[in-house]
Amino acid sequence: EGMELLAETLRVHVRRVLDTIPGARLACINVLKTNRIGVNYPLDSEGRNIHVQRLVDLKGWAQPLGLISEQVTFHVLEEPDPAAALIEYARSNHVDQILIGARASSTMRRYLGSVSSDVVAQAPCTVTVVRIPERTKSALEAELDALEA
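These numbers were taken from a predicted model, which means no experiment stands behind them.

Student: Even after reading the chapter, I still don't get the nonpolar core, so can you show me in this structure?
Tutor: Note that soluble globular proteins tend to have their nonpolar side chains buried in a common cluster. Among the nonpolar cores identified, the biggest contains 16 residues, and Val14, Leu26, Cys28, Trp61, Leu65 and Leu67 are the most heavily contacted of them. With four residues, the single largest contributor to this core is helix H2 (residues 50-62). With 11 residues, the next largest nonpolar core counts Ala83, Ile87, Ile100 and Ala123 among its residues.

Rendered as structure tokens:
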């Protein structure tokens, strides 16, 4: 929530990659950050299973891409370290490229690092970090419409 524009921007970049690499497959991954110590609650504040809700959200995100089921998979990983989970997934599945969204910079992320910077530093493949463009949302929506046509 609150990252809709980043999700749209990421989808535009995914579409570009899929259009330029015939036969490419897409793995949509979301990492559910778990506690290292303590209890992890499987339900959100509305009583829905968090894991299932994330899968539903991923499928909803990918739906506008219009991919056939053999071309896309959906995964929710549970891990205290999201970057480590993504890197391990990439290694285990011989991933050629990672496209990862990055939120706006903050002082805390600058000093402590971020998931995207950790993935860039350690991934065994090419990593493209997608950021929200400086241009307006209407310009992005026009590009989305053009790609879908």
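After presenting the structure, the write-up continues.
Student: I keep staring at the packing of helix H3 (residues 82-92) against helix H5 (residues 115-122) and nothing clicks. Help me out?
Tutor: A packed helix pair is summarised by two numbers, namely the angle formed by the two axes and the spacing between the axes. Axis separation between H3 and H5 bottoms out at 8 Å; the angle between their running directions is 35°. By crossing handedness, the relation of H3 to H5 is classed as right-handed. Contacts from Pro82, Ala83, Leu86, Ile87 and Arg91 of H3 reach H5 at Val115, Asp118, Val119 and Gln122. In terms of residue class, the contact of H3 with H5 is built from six nonpolar, one polar and two charged.

Student: Sorry, what's going on with helix H1 (residues 4-20) here?
Tutor: Because each turn of an α-helix spans 3.6 residues, side chains separated by three or four positions end up pointing in the same direction. Here H1 is 17 residues long and its end C-alpha atoms lie 25 Å apart, about the 24 Å a rise of 1.5 Å per residue gives. Among the residues of H1, those classed as buried are Leu6, Glu8, Thr9, Leu10, Arg11, Val12, Val14, Arg15 and Leu18.

Parameters at a glance
Residues numbered from 1 in each chain as written. Predicted model: local features only at pLDDT ≥ 70, side-chain atom pairs only at ≥ 80, totals over all residues. Heavy atoms only, no water. Core = buried A, V, L, I, M, F, W, Y, C linked by side-chain atoms within 4.5 Å. Buried < 20%, exposed > 50% of the residue type's maximum accessible area, 1.4 Å probe, protein only. Helix = DSSP H or I, 4+ residues; strand = E, 2+ residues; numbered from the N terminus. Axes fitted to C-alpha atoms, helices over the stretch in contact; angles between N-to-C directions. Left-handed = near helix turned anticlockwise from the far one by under 90°. Contact = heavy atoms within 4.5 Å. Nonpolar A, V, L, I, M, F, W, Y, C, P; charged D, E, K, R; others polar. Expected span 1.5 Å × (residues − 1).

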